[in-house]
Each structure stands twice: as structure tokens, then as C-alpha cells.
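Chain by chain, the residues:
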Amino acid sequence: MHDLQPITALGGLETRIDKFERIIITENDDLALASVAARKGYENDCRDKIKKILGDIPKPGQATLDNTEVGFWISPDQWMIKAPKSTHELLANNLKSFFLNTASITEQSGAWVCFDLTGSGVSEVMERLCAAPIRKMEVGEARRTTIHQLSCFVLCLKYQTHIRIFGPRASAATLHHAFMIAAKSCA
Amino acid sequence: MTQTNRFSTGGQIQRDTSHQFIFDGKRYKGHAGDTLASALLANRVRLMGRSFKYHRPRGLLTAGSEEPNAIVELRAGDRQEPNTRATTAELYDGLVAKSQNRLGSLRFDLLAINDRLSNFLTAGFYYKTFMWPAAFWEKIYEPIIRNAAGLGSLSLKDDPDVYDKGFLHCDLLIIGSGPSGLAAAITAARSGAQVIIADEDFCMGGRLNSETFLLEDISGSEWAIKIVGELKNMPNVRVMSRTTVIGAFDHGTYGAVERISDHVLQPEIDKPRQILWRIYTQRTILAGGAIERPIAFENNDRPGIMLASALRTYANRFSVTADKRVAIFTNNDDGHRTAVDLHNKGVKIAAVVDVRSDAPTSLDYEVLHGEIINTKGRLGLTFAEVRLKDGSVKSIKCGAIGMSGGWNPNVHMTCHQRGRPQWNKDLAAFVPGHDLPPGMTVAGAANGDFSTAGALRGGQTAAIEALNLKKTSFNLPTAEDATINLTPFWYVEGCSRAWLDQQNDVTVKDVKLSYQEGFRSVEHLKRYTTLGMATDQGKTSNMGGLAIMAELSGKSIPETGTTIFRPPYTPTAIGAFGGRHRGQDFHPKRLTPSHQWATEHNAVFVEVGNWLRAQWFPRDGETTWRESVDREVLATRKSVGVCDVTTLGKIDVQGTEAADFLNKIYCNGFAKLAVGKTRYGLMLREDGIAMDDGTAARLFEDHFVVTTTTANALPVYRHMEFVRQCLFPDIDVQLISTTEAWAQYAVAGPNSRSVLRKIVDQDISNDAFPFMACANITVCGGLRARLFRISFSGELAYEIAVPTAYGDALMRKIMQVGAEFNITPYGTEALGVMRIEKGHAAGNELNGTTTAQNLGMGRMISKKKDSIGSILSEREGLNTTSDLRQIGIKPIFSEASIPAGAHLMNITGPITAVHDQGYITSSCYSPNLGHAIALGFLKNGTERIGEHMRLVSPLTKVETKIEIVSPHFLDPEGERLRA
């Protein structure tokens with residue numbers, strides 16, 4: 001067992017939580033991520049395996065949220081799979097064993113920061129952050145959009161009250177700053 | 001006594017809430033619900049500004065955002081904002097405003113001398129006068145004109161307020177909340193559609209707030225309050241007052257500025273002053289109303305002369321009269337409506353001057369058939385002269401005149417995508433054309449339906465059609481439905497200084513001069529006279545100028561043409577466009593995994609794109625950056641150093657044909673690269689010019705990791721995706737960026753292996769892990785990691801990578817285990833010094849103009865395969881023997897510096913561009929060699945090693961002798977990195 005202590009994307013040993021009257025911004029560090037891209041000629045096999053893991057095959061603009069592993073579409077025949085880091089630290093390796101030669105698997109755990117925005121003020125805050133039609137997004141919808149010039153994925157977990165955002169990890173501080181400003185502005 | 005022009009009752013002001021404000025240093029009182037304009041008028045202040053060119057005294061012309069005259073500097077200190085319209089500035093307690101465009105006081109403006117010189121300062125004066133002598137332009141004319149030009153002044157301080165941006169989506173956007181806008185909104189809202197209704201005013205209702213007629217049995221303003229109240233309670237409706245829709249843009253998007261805090265002294269903490277919304281809508285109803293036209297007559301610009309509809313607004317909405325004696329000059333029935341309203345409030349109507357022979361009569365006031373031909377009053381109107389039909393002239397005592405020349409539908413936003421309005425003969429006005437922005441419908445007065453009933457009908461019909469509704473539960477109220485009775489009348493014959501565009505001081509005479517001098521097209525007229533320019537975009541003046549030009553040229557108005565409008569609808573603060581993207585937040589930051597550690601160790605950071613990289617790590621006693629950098633370089637070459645290189649682009653390349661793919665994007669071969677090996681690769685553009693360099697490590701048969709330079713991480717990835725998706729879509733290869741997924745550190749120096757042996761769980765001896773090896777490994781007892789034996793410094797070196805979350809811990813671990821070897825962290829400056837010492841090309845050399853041959857890498861281009869750029873790299877022009885070649889440079893005199901960008905000249909001969917031999921791309925001080933060194937390009941450079949030349953930099957006045965040397969200053973055989 002190695003002795004290296006990981007830190008969160010915001011640089012802490014614990015995840016950061018910021019509470020406002022109508023919104024809570026939570027850094028979600030329990031994050032194991034891997035991308036799955038179907039190999040040429042194995043697209044159907046890959047989709048079958050995606051369905052086995054996620055319960056469904058996320059279409060463009062969609063995510064599946066029901067299983068331990070959740071996933072969302074990121075480009076044609078390419079998906080991002082997410083699982084709890086606490087139980088799936090080696091998610092990419094496990095996926096490689098499962099998908100074998102049907103897909104290219106790339107570990108993405110360190111590439112992304114994840115924030116959960118919850119509360120009744122979510123839509124109002126998100127309207128200050130990105131062009132996604134946040135009030136129209138149903139549970140399971142996923143959008144790629146920009147927040148403060150950063151390309152992000154926005155997932156709807158609960159209608160108008162829980163939004164999950166995946167953004168570039170190196171810019172976690174910038175993203176968090178943008179969320180804080182928007183939350184204060186809407187408070 | 002204050003507010004002597006305020007009626008004792010009526011209006012929509014809150015009389016129980018008084019606001020104190022200051023205008024030009026003098027204190028006044030107004031009420032909540034006032035604008036600055038209405039409050040000044042209530043206090044008998046008619047003089048509010050000076051005109052742009054002639055500095056003539058000016059007062060209010062309008063009561064809305066089309067105002068050309070009452071332009072003030074609002075607020076003070078760092079919140080001072082010039083060119084704010086007093087007519088839209090909402091009054092608040094503590095408001096401070098100042099008139100502008102004056103030298104001295106507003107009453108005694110020294111630049112009013114310009115008015116005396118008006119015969120010389122006509123349209124075209126500048127173009128004719130400042131032509132000669134040519135030498136005078138830059139030193140004399142331009143400074144004078146610049147000093148005199150411009151409206152208002154800037155505080156020259158940072159704006160203390162913040163601005164937000166936001167994004168809204170709806171089925172139907174309604175612009176304007178007058179009768180048509182509200183009828184459309186309530187009809188649409190009750191159908192369940194997502195509706196946004198926006199109005200620039202702080203009080204919704206549009207003209208309903210300015211009129212006295214009833215809708216059913218309640219006043220227009222009460223009806224508006226009722227409808228707005230219902231809309232506000234509907235979850236599918238967003239009611240946005242104080243929100244100006246500024247533009248109609250592509251794909252159904254509209255820009256709108258919401259003024260969150262402009263009506264208070266200063267924004268609450270953390271709250272924005274304004275929000276710039278981008279509204280995405282399926283359909284739009286433009287219900288922007290209409291703007292009344294003035295009439296041009298001699299001296300029609302004196303304070304007190306305004307639009308008749310504005311007089312009505314001030315009286316009915318703000319309970320204010322411009323004066324106790326008011327005259328009306330009209331060509332239509334609407335002017336009489338103003339007279340009736342004012343008369344009913346006890347204002348003396350001095351006369352209604354109507355140009356029509358069939359003008360209605362009145363028992364309450366005198367109606368004169370004729371024209372106002374002149375006015376008097378130095379700083380405000382006192383008398384008007386009327387020429388009656390029989391030719392006699394009558395003088396009327398009055399302090400205000402209401403001009404009513406008909407109405408122009410507010411077509412501004414219909415033009416934002418090059419739509420052209422159409423002439424409507426019955427209205428004598430332009431109405432929206434057929435080429436509207438997609439999805440837009442126009443309703444109400446903006447569409448030429450000037451009666452209230454017509455506007456209500458138009459709004460409801462537009463909503464039904466826009467949403468394809470089968471029925472509606474909203475029944476329209478009964479309302480006035482008067483027909484238009486108007487005789488077109490634009491200006492009074494025989495006048496010389498009759499003002500058309502009061503903001504730009506354009507007169508009827510100027511238009512005639514423009515015609516005389518051949519500037520007859522509408523666009524030429526605008527440029528020649530400045531008609532329609534500046535903050536109001538000619539909303540009250542364009543039609544007058546056009547009509548006069550039409551008359552002069554003997555054409556109809558539509559034949560003469562029309563100008564169109566462009567966004568923004570009203571002036572918009574630049575801050576609103578910037579939003580939160582200013583100062584430190586101008587662009588996002590990317591922090592490296594060791595950022596926290598580097599901060600703890602006093603790193604000086606440098607911006608590299610969005611990345612913040614440690615540039616050097618100063619230590620106690622070091623007084624200059626050079627001391628720190630020299631120390632870091634020497635320590636690394638002597639023992640070991642560590643540098644965060646996470647910022648280098650990393651692209652995961654997988655697939656059964658990944659090697660074939662790399663063979664296409666790199667000019668050198670990759671198909672036979674063994675698993676566990678890394679190779680340097682050079683990427684060419686299609687035109688054969690070098691694009692980027694980097695390495696590709698083969699971790700498995702079907703899995704490579706490509707690295708790029710930091711600067712080109714994104715362009716290279718984009719290029720690779722283009723090649724994959726568009727050029728070779730059938731290849732089995734998958735790409736994804738992993739730049740941020742891995743924290744990567746370069747560990748360099750003769751003791752680097754010794755340091756890493758304490759961390760890496762596997763054998764990394766030279767035999768087990770030779771130069772250019774790569775592998776998936778584990779570190780510190782089991783953490784997955786990657787190791788590459790590559791060197792940018794020329795030393796024995798490795799790059800080690802772990803998942804980013806562990807990057808901070810790994811850096812601390814490396815420093816801990818390296819302590820016994822005096823490990824030294826180094827930044828980008830030391831990195832740069834070492835790569836120049838080694839002769840490695842970087843961004844300065846791969847500068848978009850250089851070829852593989854220039855870089856000394858011509859032989860890397862494989863002839864055994866095809867790759868992007870390889871064919872065009874063989875072009876004759878790129879392969880002459882006298883081509884530039886990368887060389888090293890060192891000074892003859894060791895203390896001399898070598899500035900990058902300097903040029904190389906032969907030791908004798910002229911220093912001219914024709915004789916240029918080459919140039920310096922990178923330079924630094926080499927602490928190992930004890931003098932400056934540089935890389936550069938020299939014609940036929942490979943053959944000129946040892947030659948002495950002159951290095952010149954005319955800009956920095958440097959001329960020194962240098963020697964051309966090999967670009968590899970240290971360890972040219974590469975023994976160190978293979979050790």
C-alpha cells in the first residue's frame with residue numbers, strides 16, 4: 001500500500017462545501033472516471049457492454065444514473081463512466097478487463113473536478129453560469145457547455161434542485177470561484 | 001418652494017417618499033417614481049445641457065430613451081458615468097448628476113462662442129478646413145479636435161461595480177410592455193408557454209402610463225398593473241422591468257441588459273450593477289411602440305420645447321408640467337390630446353398651432369391655423385412667433401411648446417439583421433418590412449397600429465399566431481380606437497437654423513448644403529452632416545432629414561431611401577459585455593498539481609496560456625531572478641533538479657491502427673517503435689512547415705501517449721482529431737486528451753536515478769530502463785504511475801507521472817527523498833536555459849515559418865512512408881542550400897549580451913534588410929559557460945560554424961561581434977542523457 005496522500009481538486013484533504021440560503025455547492029471528490037471509446041468494427045459489442053454496465057446506452061445529451069456506475073455520452077460511440085472512487089479506484093483497469101478489445105479505455109479520474117449544486121436556487125445560479133437550458137433539463141439530461149470559458153459537462157440529477165458539473169480539474173479553483181460569485185449574486 | 005411645476009395630485013410617483021438629489025452642485029427634491037428629468041422639470045429646471053457642436057442651451061426633448069439633449073454625467077467619483085439620459089435615469093436618494101459638454105457653468109458656457117461662429121462651422125467644415133497645410137494635421141488640428149470632441153468625461157478610475165452575464169430560454173420573448181406587449185404576454189402566458197416580457201422602463205405599461213383614457217372602466221396604468229400582477233404570479237412567465245433588449249442576433253438570440261442596481265446609490269455587496277442576458281427564444285414579438293416626431297422650425301431647440309407626447313408623459317405619469325403656459329405645434333390630432341390633458345390639469349394652453357386647414361377647434365383653448373416660425377428666450381423659451389394662414393405674425397408668451405409631427409413606429413430592432421423598413425403612405429412613416437429577423441413578429445404601435453385598441457388587438461393576434469394557439473381565455477378590454485388624422489409636415493419654410501438632430505446640431509440648412517454639394521444618398525447625408533449619429537442613433541431626427549432630402553431631390557421619401565439601425569438599441573456599458581471576466585478573472589486559471597507546494601516555496605509564477613507555472617524559486621539572499629535561475633541550473637546539472645511538466649500536452653492514442661495513425665501525423669517513422677520505447681517526433685503542417693514537436697511513448701502495442709508542447713496542446717489535439725475524423729475516418733484509432741489526468745514531473749541531473757530509485761517500485765537501472773524507455777510502473781509501494789526516460793535538459797533525466805490527485809504528494813515525496821542529493825526545484829526559466837544549452841528547439845524556433853531543414857532535422861522526414869506535410873516539405877523553395885539553418889551563437893566578448901530578435905550581419909558591409917543573414921530566436925545567460933548563449937537561424941548556417949559576424953539590433957541600439965557555433969553548447973555527443 002502506497003503512502004501518498006491524495007488531495008482534492010481544490011487542494012484540500014477534505015472536500016469543500018459552501019452553503020447559501022438556497023444553494024449548496026459541494027466539491028465531489030469521490031470520483032473515479034474513465035472514458036470508453038468503441039473500436040472500429042466493435043461498435044455494437046461495445047454498446048452491448050455499455051448497456052450491461054449502465055443499464056442503458058446514453059444517447060447524445062443523456063446520462064444514465066441508476067447503477068453504481070453511471071455514465072454519459074461525450075461523442076459518437078464514446079462515453080464517460082463514473083463510479084465511486086472509494087470502491088472503484090482502479091475503474092479504468094476494471095473496464096479494460098470487461099471491454100477487452102471492443103473499446104479503448106482511458107483513465108480520466110485526475111482530469112476532472114466534480115461539483116454538485118443542490119437546492120432551490122440551482123436554476124437561478126446556473127442561469128448566471130452557462131447557456132444550458134437549465135429550467136428545461138429533465139433528470140438524466142447531460143449537456144456540454146462552457147462555464148467561465150471552461151468546457152464542462154452539466155448533468156441534471158434532480159429536476160431544478162440538483163445539478164452535477166464536471167469541469168477541468170486544473171481549473172477547479174476558477175470554476176469554484178465562478179460558482180461562489182453566482183451564488184452570492186443570486187442570494 | 002421646491003417642485004413648483006409639480007401638480008398637487010395625480011401621477012404615478014410616490015409622494016410619500018422624497019428623494020434628495022444634486023444637479024450641477026445644487027440640491028433638489030423629487031419623489032420615488034421620478035426620473036431625473038421629471039424631477040428637474042418639477043423643480044423648474046429646463047436647461048439641462050449644452051449641444052455638442054454649437055454649445056447651445058438645451059433641455060428635454062423627450063421622456064424616453066430616445067432623448068438627444070438631456071445627457072448628463074451621472075454619479076460621482078469612480079462611479080461617474082457620462083452620456084446618461086436624464087429621461088431614463090431613475091431617481092434615488094442621493095443621486096448626483098452633472099451637465100456636460102460645457103466650459104464654465106451651464107448658464108455661461110464659454111464655448112457658446114461656437115454658436116456665434118455657426119456660419120463658419122457648417123456641415124463639412126472639418127473636411128474642408130483641415131485639409132491644409134497637411135503638416136498641421138498631426139500636431140495642431142488633430143489635438144484641438146480631439147480636445148473639443150466627445151461627449152462627457154470619464155472618471156479614468158476603475159469601475160468599482162461588477163456585472164453579470166446570464167442565459168435565459170423561452171418560447172416567446174416580448175419586447176415592450178405597452179398595450180400590445182401586455183396583451184401578447186397575457187395571451188401567451190395563459191396558454192402555458194414559457195414567456196419573457198422585457199421593458200426598458202422601471203414601470204411596466206409603456207404609453208398606458210402616459211395617457212388618461214380608460215380600458216374598460218379603469219385607467220391604462222391601472223390595467224397595466226393588473227395584467228403585470230397576474231403575469232408575475234405565473235410560473236411560466238418572467239417579467240423583466242428595467243431591462244433593455246439591445247439587439248436581435250443570430251439563431252433566435254437576443255441581448256438584454258437588466259439594470260439591477262442603477263436605481264440605488266450603489267449595488268449591494270456581491271450584487272451586480274447590471275446583468276447582460278443572452279435570451280434564446282423560439283419566437284419574438286416586438287412591441288416597442290412608436291416615437292413621436294418633432295417639427296423643424298427656427299430656434300426649435302430652446303429649453304422648454306419638446307415632443308407633445310413627452311409633455312403628456314410628464315403631466316400624466318410624473319404629475320409635472322414643463323411650464324404654466326404651454327403652446328402646441330401640431331400637424332395631427334395627437335397634439336390636441338396633449339392640450340386637452342394639460343388643460344384639464346390647470347395648465348394654460350397659450351395656443352395650439354395646427355398646420356392643417358381642417359384642424360379641430362376647442363372651447364378650452366385657442367387653435368391657430370399656421371406655423372411657429374421662431375422662438376425667443378436665451379436659456380429657456382419665453383415667446384413663440386406664429387405666422388398665421390393670412391400671413392400675419394402673432395407672438396405668444398409661453399414657457400413650453402409641445403411639437404407633434406406624427407409618429408414613427410419604433411423599427412430599430414427589425415433592422416438588426418439587415419431588414420429594411422417599408423414606407424406607409426397613410427401613416428407617413430416607415431413600418432417594419434417583410435425581412436424581419438427570423439421568428440420575429442411586430443405588434444402595436446411598432447407595427448403602425450397607433451390606437452390603443454389597435455395595439456391590444458395586434459398584440460393578442462401576434463401571440464396567437466406565434467404560438468399557433470387555437471383559442472385564448474383572455475378577452476381584450478374596450479379602449480380608444482381613434483383613427484389617424486395627419487397632414488405630413490416636416491419643417492417650416494424659410495427657416496435657417498431649424499434643428500433636425502439636436503444631439504449633433506444638424507439643421508435643415510445642413511441638409512440643404514449636403515444636397516448642394518452632392519451628398520444626396522441617405523448614407524452620404526449621414527456621414528456629411530453627422531445626422532443620426534451618437535447615442536440616440538437619430539431616433540427623433542432621421543425621418544426629418546430624409547423628408548427634406550426627398551423634397552430637395554424631387555423624389556418620394558421611400559425613393560430617397562432610409563437608414564437602418566444596428567445594435568445596441570441604446571448605449572450599453574462596456575462593463576456589461578465584459579461581465580465577470582476582468583482583472584484576475586479575465587480568463588480562467590489552470591493550476592499545476594504542485595501549485596500549492598510551489599506557493600509554499602515562494603515560487604514566482606508566469607502565465608503560460610491559462611497555466612500558472614513556477615518560473616523560479618527565489619531563496620533568501622537572492623536579489624535578482626538571475627541569481628535564482630543560475631543556481632537552479634547549476635544545481636540540476638551538478639546533482640538533480642525537479643520541475644513540474646504537467647502542462648505539456650498529453651494525448652492518449654489507442655486502437656489497433658494507432659501506430660499507422662502516428663505514422664501519418666509525424667514525419668518520422670513510428671510503425672516500428674517497440675513497446676516500452678519513446679521516440680521524438682516532428683509534426684508538419686500540410687504545407688511542409690514544422691508544426692510541433694514532442695514524444696510518443698508506446699505503452700502497449702495498441703496504446704501510445706503523445707506529448708506536445710504546452711502552447712500547442714490544444715492545436716495539436718484539434719489537428720489530430722481533424723486527421724482522424726476527416727482525413728482517415730476508417731482507421732481504428734481513438735484519441736482523448738489526458739493532459740490534466742496525470743501529474744508529471746521532470747527529474748533531471750546525474751543523481752536523478754538515485755532519487756527515483758527511492759520511489760519507483762521497479763528496476764530502473766540503465767540496463768533495465770535505458771534512454772527513451774517508457775513503462776507503466778508503481779511508486780511508493782503500489783500507486784500506479786508512468787515513467788519515461790526522456791530529457792529536455794540534456795542530463796540523465798526522467799519524467800514520472802501519477803494520477804493528478806497524488807501530484808502534490810509525489811512532489812513532496814520527491815523533495816523528501818532527494819534531500820540527501822540536494823535536490824533543487826527549478827522553474828521554466830531554468831528549463832529554458834538548459835534547453836538552450838542543449839540546443840533543443842522550442843516554440844521560439846518552431847515559429848510557424850521554419851521547416852525541418854531549417855531546424856537541422858531534414859533527415860527526420862521519412863522517405864519510406866507518406867505523412868502529412870512530407871510532400872510539400874520537398875518544395876524547391878524550401879530546400880535551397882542557402883536556407884536558414886539553426887545554429888548557436890556566442891559573444892566574442894564574454895560580457896556581451898545577445899538580445900533575442902537581433903539580426904546577424906556579415907562582419908563588414910552595410911546593415912540593411914537586404915544584407916540580413918539571419919536572426920536570434922532564443923538567448924540566455926549560461927551559468928555553466930559563464931557567458932550569454934543563443935540559438936538562431938543563419939543562411940547556410942551549418943557551413944558557417946566558427947565564422948565571426950556582427951549581431952545588430954537597431955531597435956535596442958546593439959551592435960556586437962559574435963561567433964557562430966554548434967547549437968549544442970553542452971554534451972554534444974549526448975553522453976550524459978544516456979548515462
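Remember, it's a predicted structure, so these values are computed and weren't measured experimentally. (Residues numbered from 1 in each chain as written. Chains lettered and ligands numbered in written order. Predicted model: local features only at pLDDT ≥ 70, side-chain atom pairs only at ≥ 80, totals over all residues.)

K.L.:
For this particular structure, what's the right way to read the overall build of chain B?
P.N.:
Of the regular secondary structure elements, chain B holds 21 helices and 49 strands. Taken against the 2.2 N^0.38 rule, which gives 30 Å for 979 residues, the C-alpha radius of gyration of chain B at 38 Å runs more than 25% over that of a compact globule. Across its three principal axes, chain B shows a C-alpha extent of roughly 115 × 70 × 55 Å. The buried share of chain B, taken over its 979 residues, is 54%. Looking at chain B alone, contacts between residues at least 24 apart form 66% of all its contacts between residues at least 6 apart. (Helix = DSSP H or I, 4+ residues; strand = E, 2+ residues; numbered from the N terminus. Rg over C-alpha atoms; globule rule 2.2 N^0.38 Å. Buried ≥ 20, exposed ≤ 12 C-beta atoms within 10 Å, placed from the backbone. Contact = placed C-beta atoms within 7 Å.)

K.L.:
I keep staring at the overall build of chain A and nothing clicks. Help me out?
P.N.:
On a plain count of helices and strands, chain A comes out with five helices and eleven strands. Taking 16 Å as the expected radius of gyration for a compact globule of 187 residues, we find that chain A reaches 17 Å, a close match to that expectation. With the principal axes as the frame, chain A shows a C-alpha extent of 50 × 45 × 25 Å. Counting every position in chain A, which comprises 187 residues, the buried fraction comes to 52%. Taking all contacts inside chain A whose residues are at least 6 apart in sequence as the whole, residues at least 24 apart take part in 59%.

K.L.:
Hey, could you run me through the sheet that holds strand S2 (residues 26–32) of chain B in this one?
P.N.:
Note on sheets: strands pair through backbone hydrogen bonds, and any given pair is parallel or antiparallel. Residues and elements named next belong to chain B. The strand order across the open sheet formed by five strands is S2-S1-S7-S5-S6, and the pairing between neighbours is mixed. Each edge of the sheet is formed by a strand with only one pairing partner; in this case those strands are S2 and strand S6 (81–85). Neighbour to neighbour, the strand axes of the sheet diverge by 40° on average, direction disregarded. For strand S5 (residues 71–74) and strand S7 (residues 95–99), the ladder comprises three bridges, and the chain directions are antiparallel. Residue pairing in the sheet places Leu74 in a bridge with Ala97 of S7. (Pairing = 2+ DSSP bridges. Axes fitted to C-alpha atoms, helices over the stretch in contact; angles between N-to-C directions.)

K.L.:
I keep staring at the sheet that holds strand S43 (residues 824–825) of chain B and nothing clicks. Help me out?
P.N.:
Residue and element names in this part refer to chain B. Taken together, six strands build an open sheet; the order of strands is S40-S41-S42-S39-S33-S43 and the sheet is mixed. Looking at the sheet topology across the chains shown, the edges are occupied by strand S40 (774–779) and S43. The pairing of strand S33 (residues 641–644) with strand S39 (residues 742–748) spans four bridges and is antiparallel. Note on S39: the bridge partner recorded for Cys643 is Ala746.

K.L.:
Quick question: what am I supposed to make of the interface of chain A and chain B here?
P.N.:
Where interface size is quoted, it is often the accessible area lost as the parts come together. If you look at the interface, chain A gives 38 residues, while chain B gives 40 residues. Among the secondary structure elements, those contributing two or more residues to the side of chain A that touches chain B are strand S3 (32–38), strand S7 (103–107) and helix H5 (172–186) of chain A. When residues in the side of chain A that touches chain B are grouped by element, the largest group, five residues, is from H5 of chain A. Its residues assigned to classes, the side of chain A that touches chain B comprises 14 nonpolar, 14 polar and ten charged. (Nonpolar A, V, L, I, M, F, W, Y, C, P; charged D, E, K, R; others polar.)

K.L.:
Help me out: how do you make sense of the pairing of strand S9 (residues 142–147) of chain A in this one?
P.N.:
As a general feature of sheets, a regular strand has side chains that alternate between the two faces. All names here are of chain A. Here S9 pairs with strand S10 (residues 150–158) via six bridges, running antiparallel. Looking at the pairing, Arg144 lines up with Phe153 of S10. Here S9 folds back onto S10 in antiparallel fashion, the turn holding two residues, of which His148 has a positive phi close to 50°.

K.L.:
Looking at this model, I keep getting lost on the confidence of the model for chain B. Mind explaining?
P.N.:
Caution is warranted with low-pLDDT regions, since their predicted coordinates should not be read in detail. Averaged over every residue, the pLDDT of chain B is 95; residues scoring 70 or more account for 100%. Model confidence for the complex is summarised by a pTM of 0.93, with the ipTM given as 0.97. (pLDDT = per-residue confidence, 0-100.)

K.L.:
What's the story with unusual backbone geometry in this structure? I'm lost.
P.N.:
As a rule of thumb, non-glycine residues mostly have phi less than zero, and peptide bonds are mostly trans rather than cis. Of note, the amide linkage connecting Pro567 of chain B to Pro568 of chain B takes the cis form, showing an omega dihedral of 0°. Here Pro568 of chain B lies in the loop between helix H13 (557–560) and helix H14 (574–578). Positive phi values are uncommon outside glycine, yet Gln149 of chain A reaches one of about 70°. If you trace the backbone, Gln149 of chain A turns up in the loop between S9 and S10.

K.L.:
How should I be thinking about the nonpolar core in this particular structure?
P.N.:
Membership of the largest hydrophobic core comes to 174 residues, with the highest contact counts inside it found for Val36 of chain A together with Leu662, Tyr745, Val747 and Leu787 of chain B. When residues no more than four places from it in sequence are discounted, the contact partners of Val36 of chain A are Ile50, Gln78, Trp79, Ile81, Leu95, Phe99, Ala103 and Ile105 of chain A. In terms of nonpolar packing, the next biggest core, distinct from the first, is built from 85 residues, Leu36, Ala37, Ala123 and Phe489 of chain B among them. (Core = buried A, V, L, I, M, F, W, Y, C linked by C-beta atoms within 7 Å.)

K.L.:
Just to check I follow, could you spell out the environment of Phe565 of chain B for this structure?
P.N.:
Residue and element names in this part refer to chain B. For Phe565, the position within the fold is in the loop between H13 and H14. Accessibility expressed as a C-beta count within 10 Å gives 21 for Phe565, which makes it buried. For the pair Phe565 and His412, spaced 153 residues apart in sequence, the C-alpha separation works out to 5.4 Å.

K.L.:
I would appreciate a short explanation of the packing of helix H7 (residues 308–316) of chain B against helix H8 (residues 333–344) of chain B in the present structure.
P.N.:
Each pair of packed helices can be summarised by the angle the axes make with each other and by the distance between the axes. All names here are of chain B. Between H7 and H8, whose axes approach to 9 Å, the crossing angle comes to 25°. When the axes of H7 and H8 are compared, the pair comes out roughly parallel. Crossing handedness for the pair H7 and H8: left-handed. Contacts between H7 and H8 pair Ala308, Leu311, Arg312, Ala315 and Asn316 from the former with Asp334, Gly335, Arg337, Thr338, Asp341 and Leu342 from the latter. (Parallel < 35°, antiparallel > 145°, perpendicular 65-115°, else oblique. Left-handed = near helix turned anticlockwise from the far one by under 90°.)

K.L.:
I tried to follow the pairing of strand S38 (residues 734–737) of chain B on my own but got confused; where do I start?
P.N.:
All names here are of chain B. Of the two faces of S38, the one holding Gln734 and Ile736 and the one holding Leu735 and Ser737 are both buried throughout. Here strand S34 (residues 649–654) runs beside S38; their pairing, made up of four bridges, is antiparallel. Following the sheet pairing, Val653 is matched in S38 by Leu735.

K.L.:
Explain the packing of helix H10 (residues 508–516) of chain B against helix H12 (residues 542–553) of chain B here, please?
P.N.:
Residues and elements named next belong to chain B. One can describe the packing of H10 onto H12 by two numbers: an axis separation of 10 Å at closest approach and a directional angle of 45°. Here H10 is positioned oblique relative to H12, judged by the angle of their axes. Relative to H12, the crossing made by H10 is right-handed. Between H10 and H12, the residues in contact are Val508, Val511, Lys512 and Tyr515 and Gly545, Ile548, Met549, Leu552 and Ser553, respectively.

K.L.:
Sorry, what's going on with the environment of Phe167 of chain B here?
P.N.:
All names here are of chain B. Its place among the elements puts Phe167 in strand S8 (residues 163–175). By the C-beta count within 10 Å, which is 19 here, Phe167 ends up partly exposed. In sequence terms Phe167 and Ile279 are 112 residues apart; their C-alpha atoms lie 5.9 Å from each other.

K.L.:
I would appreciate a short explanation of H10 of chain B in the present structure.
P.N.:
The α-helix winds at 3.6 residues per turn, so residues separated by three or four positions along the chain end up facing the same way. Residues and elements named next belong to chain B. Among all positions of H10, only Val508, Asp510, Val511 and Ser514 are buried. Down the axis of H10, the smallest arc covering the buried residues is 160°, so these residues share one side. Positive phi shows up at Gly518, right after H10, with a value of about 90°. (Arc of directions from axis to C-beta.)

K.L.:
Whenever I open this one, H7 of chain B confuses me. Can you help?
P.N.:
All names here are of chain B. Burial analysis of H7 places nine of its nine residues in the buried class, the great majority of the element. Buried residues of H7: Ala308, Ser309, Ala310, Leu311, Arg312, Thr313, Tyr314, Ala315 and Asn316, and no others. Buried positions along H7 lie against helix H1 (36–42), strand S16 (290–292), strand S17 (305–307), strand S18 (325–330), H8 and strand S23 (400–404).

K.L.:
Even after reading the chapter, I still don't get the environment of Thr441 of chain B, so can you show me in this structure?
P.N.:
Residue and element names in this part refer to chain B. Inspection of the secondary structure assignment puts Thr441 in strand S27 (residues 440–442). A tally of 22 C-beta atoms within 10 Å means that Thr441 is categorised as buried. Residues Thr441 and Leu286 lie 155 residues apart in sequence; the distance between their C-alpha atoms is 6.1 Å. Beyond its immediate sequence surroundings of up to four residues, Thr441 is in contact with Ile285, Ala462, Glu465 and Ala466.

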